[in-house]
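Architecture at a glance
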Amino acid sequence: MRITVETSVAAPIDQVWQAYTTPADIVKWNAASDDWHTTKATVDLREGGAFSSRMEAKDGSMGFDFAGTYTRIVEHKRIEYAFGDRKAEVEFVPAANGIVVRVVFDGETTHSVEQQRGGWQAILDNFARYVEAKRKL
C-alpha cells in the first residue's frame, strides 16, 4: 500500500532542498504535533548514505528513531530512501508559487492509512511553515 502526501512551499528550490536535507533544519520542523519534537538528526546525503532522526514526546514518555538509507539522490528534484523493509520517494516539483514537495511511502499495518497519512502530512505542513517563516527572517 502506497500513501501520498504533499505540500506547497513558497520558497526557491535551493532553500527548500537545504531545509529538507540539513540536520540543523530538520530538528526544527520534523514533528507531527506540538507535543513531539526531533532531538537529533543526521544526514549523509548520498546514495548509500544513512539518515536518522530521533523523535520524542516532549514529556519524555516515548520516542523512536526514524532511520534509513538513501537509495537515489537527484539534487533539487528527488530523494529515494529505504527504511526497514519499506521505501519512500520525495519529489520536489517547481510550481507557480514555489515548490510542491510530494512524499510517496509504503504504509505499515500497525496504524490505519488515515493515521499514517495524517502524521506524515502534519510533518510536511510543519516543513512548509518552517521554510516560509525562515525565508521571511
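Residues numbered from 1 in each chain as written. Predicted model: local features only at pLDDT ≥ 70, side-chain atom pairs only at ≥ 80, totals over all residues. Heavy atoms only, no water.

- The protein goes by Polyketide cyclase in an unreviewed UniProt entry, where it is assigned to Bradyrhizobium frederickii.
- What UniProt states about the protein under its Sequence similarities (unreviewed entry) heading is, verbatim, "Belongs to the AHA1 family." (UniProt positions renumbered as here; feature names shortened; annotations may be inferred.)

**With respect to the pairing of strand S5 (residues 78-83)**
- With 5 of its 6 residues buried, S5 lies for the most part within the structure.
- Two elements, strand S4 (residues 63-74) and S5, share 5 bridges in a ladder whose sense is antiparallel. Its bridge partner being in S5, Tyr-70 is matched across the sheet by Tyr-81.
- From the end of S4 to the start of S5, which pair antiparallel, there are 3 residues, and His-76 there has a positive phi angle of about 65°.
- For S5 and strand S6 (residues 86-95), the ladder comprises 6 bridges, and the chain directions are antiparallel. Opposite Tyr-81, over in S6, you have Ala-88 as the bridge partner.
- Connecting the antiparallel pair S5 and S6 is a turn made up of 2 residues, with Gly-84 showing a positive phi of about 65°. (Buried < 20%, exposed > 50% of the residue type's maximum accessible area, 1.4 Å probe, protein only. Helix = DSSP H or I, 4+ residues; strand = E, 2+ residues; numbered from the N terminus. Pairing = 2+ DSSP bridges.)

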